[in-house]
Amino acid sequence: MSVRRLVNLAGFALCAALIAYALYSQFRLGLEPCPLCIFQRIGVALLGVVFTGSGECAVVNWRFLGLTMPAWVLIWAFALGTAGVIANLRSSSDDPTVKRRFAHS
């Protein structure tokens, strides 16, 4: 078995284990998932589907600025993910609307 196939198998198995534990936590431990947890489950499940692929694009018939469609999707996914992490990690104390809301408490 090639290294690529082993990595794909390991990635898929890890994603399956994460989803299995999330379901175990919900139905056996009684932990209800929040909306973020549900979105994370969707993302992990989709990532597991990606690991089932061969990792090859059959025919490259589209390019923009020298990059193929998978490259552009990766760039945008990384950019959007980074923007989301930065926006959510900002301290709420930096937000003037939060200061105003709690100033009269």
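Summarised in this report is the structure supplied together with it.

Criteria and cut-off values
Residues numbered from 1 in each chain as written. Predicted model: local features only at pLDDT ≥ 70, side-chain atom pairs only at ≥ 80, totals over all residues. Heavy atoms only, no water. Helix = DSSP H or I, 4+ residues; strand = E, 2+ residues; numbered from the N terminus. Expected span 1.5 Å × (residues − 1). Buried < 20%, exposed > 50% of the residue type's maximum accessible area, 1.4 Å probe, protein only. Contact = heavy atoms within 4.5 Å. Patch = residues over 30% accessible without salt bridge, like charges linked within 9 Å, V, L, I, M, F, W, Y side chains within 5 Å. Areas by Shrake-Rupley, 256 points an atom, 1.4 Å probe, with all protein chains shown as cover. Salt bridge = Lys/Arg side-chain N within 4 Å of Asp/Glu carboxyl O. Axes fitted to C-alpha atoms, helices over the stretch in contact; angles between N-to-C directions. Parallel < 35°, antiparallel > 145°, perpendicular 65-115°, else oblique. Left-handed = near helix turned anticlockwise from the far one by under 90°. Nonpolar A, V, L, I, M, F, W, Y, C, P; charged D, E, K, R; others polar.

1. Digging into helix α1 (residues 3-27)
Part 1: Taking 1.5 Å per residue as the helical rise, α1 with its 25 residues ought to reach 36 Å, and the 36 Å between its terminal C-alpha atoms agrees with that figure.
Part 2: Within α1, burial applies to N8, G11, C15, A22, S25 and Q26.
Part 3: Contact partners of the buried residues in α1: α2 (35-51).

2. Considering a nonpolar patch on the surface
Part 1: A cluster of nonpolar side chains, contributed by W62, F64, L65, M69 and V73, occupies part of the molecular surface with about 540 Å² of accessible area.
Part 2: Relative to the helices and strands, V73 is located in helix α3 (residues 69-89).
Part 3: Judged by relative accessible area, which is 48%, V73 ranks as partly exposed.

3. Here we look at the packing of α1 against α2
Part 1: Across the interface, α1 lies against α2 with an axial gap of 8 Å and an inter-helix angle of 155°. In this view, α1 runs roughly antiparallel relative to α2, as classed from their interaxial angle. α2 is crossed by α1, and the crossing has left-handed handedness. Of the residues in α2, those in contact with V7, N8, G11, F12, C15, L18, I19, A22, L23 and Q26 of α1 are R41, V44, A45, L47, G48 and F51.
Part 2: Here the contact of α1 with α2 is composed, by residue class, of 11 nonpolar, 4 polar and 1 charged.

None of this, on its own, says anything about what the molecule does.
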